[in-house]
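# Fold and contact review
Chain by chain, the residues run as shown.
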Amino acid sequence: MWWYVGKRLLQTIPVFIGAVVILFLLLQLRQGDPVLNLAGNKPVSQEVRDAIAAQYHLDDPWYAQMFYFVKGAITLDFGNTFSGQPVLDLIKETFPVTVTLAVMALAIDAILGIAIGTLAGLNRNGIFDSSALVVSLLLISIPIFVVGFVMQLVFGVKLGWTSPTVGGDWTIPDLILPAIVLAIANFAYTIRLTRTSVAENLSADHVRTARAKGLAEWVVVRNHVLRNSLVPVVTYIGINLGSLMAGAVITETIFNVPGIGNAAYKAIQQGETATVVAIVTFMVMVYVLMSLLVDLLYAVLDPRIRYV
C-alpha cells in the first residue's frame, strides 16, 4: 500500500512540470498588454513600463519566465500579484472559499444523485426512472453559465430568496445557490451512473443468492447491491471534487464568490502569467491527490482490491 502511495506521489512531479509548460505556452496566445492592464489602460511612461517589465519578467521569453517560476516554486515562492500581494497568500485566502463551495456542491451531488439514481435503478423502466432520465438529460444539455445567470435572476433578483452576489463577507447560506448551480451538471451524471450500476447489480449472481437465502429486500439492496454499485459512483464523485474546483471559475465569476476560481479569472484578465500558472497548477495538484484518495477508497468499498 505505502509503496503504491509513494509511487503515485512521485508521478506528480512530471504532472507538475507538464502543467507548467502547457500553461506558459497557452498564456503566450493571450492578447493585450499586462502593463496597460495594471495601469488601468492609462498612458504609461517608458521608464515605468521598463521597471514593471523587469520586476515581473514580462519582456523575457516564455521559457525564461517558466524558469523563474519553477525556481521560486521549489521554495514555495510564487512571486507577487500586480497588486503586490504574495501569490501564496492569495491562494491561502481564496482556496478555503472554493473548498467550501465545492464540498457543498459535492454533498448535493452525492446525496441527491445517489438517492435518485438508486430509486431509478430499482424501478428500471418505470415512470420514476423515465422521468429521472429526462430531467438528467435536460440538466446535462444546459450550459452551466446559462443555469447560473437564470437562477441568479430568478432566485436572487426576482424572488429575493438570496443575495444575487456573494462578495467578500460571505457566509454558508450565501453559497447555497452557487453550490446548487455548480452541482447541477455533475448531479445529472451521478443519477445516470448510479442508476445504471444499480440496475446491473440487481441481476448479479450474489444478489440472487442473497434473495434465495431469504434476506429482506432492504438488506439485499443495502449490503449486496449498493455496496458494489457505489464503486464506480465513488470514483466519479471523488474525482469530481477536482473538476468542481475547476468549474468554480465560471460559477464564482457569476456570483462574485471570492474564491480561487474568481482569482484566476481576474489574473487572466490582468495578464498576470505567474499568478495564473501558480493557481491552476495548484488546482491540478489537488485534482491528482483527490484521484489518489479515490483509488485508496476502492479497497474500503471492495475488499477484493489490493494495491502493491
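Right, let's walk through the structure included here. Given the structure is predicted, the values throughout are model-derived calculations rather than measurements.

## Describing unusual backbone geometry
We note that Asn256 has phi near 55 degrees; this positive angle belongs to a residue other than glycine. Its place among the elements puts Asn256 in the loop between helix 11 (217-255) and helix 12 (260-270).

## So, helix 7 (residues 127-141)
In this model helix 7 runs 21 Å from its N-terminal to its C-terminal C-alpha over 15 residues, within 8% of the 21 Å that 1.5 Å per residue would give. All of the buried residues along helix 7 are Asp129, Ala132, Ser136 and Leu139. Down the axis, helix 7 shows its buried residues gathered within 95 degrees of arc, on one side only. The outward face of helix 7, more than 90 degrees from its buried face, is lined by the exposed residues Ile127, Val134, Leu138 and Ser141. The elements touched by buried residues of helix 7 are helix 6 (87-122) and helix 9 (176-202).

## Some words on the packing of aromatic side chains
With the rule as written, the count across this model stands at 2 aromatic pairs. Between Phe95 and Phe282 the ring centres are 4.8 Å apart and the planes differ by 85 degrees, which places this aromatic pair in the edge-to-face class. Placement of the pair is Phe95 in helix 6 and Phe282 in helix 13 (residues 273-301), with a sequence separation of 187 residues. When its relative accessible area of 18% is taken as the criterion, Phe95 is described as buried. Pairing Phe155 with Trp161 gives two aromatic rings, centres 5.5 Å apart and planes at 45 degrees, and the pair type is tilted. Its relative accessible area of 26% is what places Phe155 among the partly exposed residues. Overall, Trp161 belongs to the exposed group, its relative accessible area being 63%.

## Observations regarding the nonpolar core
Ranked by internal contacts, the top residues of the largest apolar core, which has 54 residues, are Phe69, Phe255, Val277 and Ile279. Sorting elements by how many residues they give to this core places helix 6 first, with 12 residues. Aside from chain neighbours lying at most four places away, what touches Ile279 is Leu90, Ile91, Ile260, Ala263 and Ala264. With 5 residues, the next largest nonpolar core counts Leu202, Ala210, Val220 and Val225 among its residues.

## Some words on the pattern of salt bridges
Using the criterion set out here, one finds 1 salt bridge in the structure. Asp129 is the salt-bridge partner of Arg195, the closest N and O atoms lying 2.9 Å from each other. Of the two residues, Arg195 sits in helix 9 while Asp129 sits in helix 7, which places them 66 residues apart along the sequence. A relative accessible area of 12% means that Arg195 is categorised as buried.

Conventions we followed
Residues numbered from 1 in each chain as written. Predicted model: local features only at pLDDT ≥ 70, side-chain atom pairs only at ≥ 80, totals over all residues. Heavy atoms only, no water. Helix = DSSP H or I, 4+ residues; strand = E, 2+ residues; numbered from the N terminus. Expected span 1.5 Å × (residues − 1). Buried < 20%, exposed > 50% of the residue type's maximum accessible area, 1.4 Å probe, protein only. Arc of directions from axis to C-beta. Contact = heavy atoms within 4.5 Å. Phe/Tyr/Trp six-rings, centres within 6.5 Å; stacked < 30°, edge-to-face > 60°. Core = buried A, V, L, I, M, F, W, Y, C linked by side-chain atoms within 4.5 Å. Salt bridge = Lys/Arg side-chain N within 4 Å of Asp/Glu carboxyl O.

Function cannot be read off these values alone, since they describe shape.
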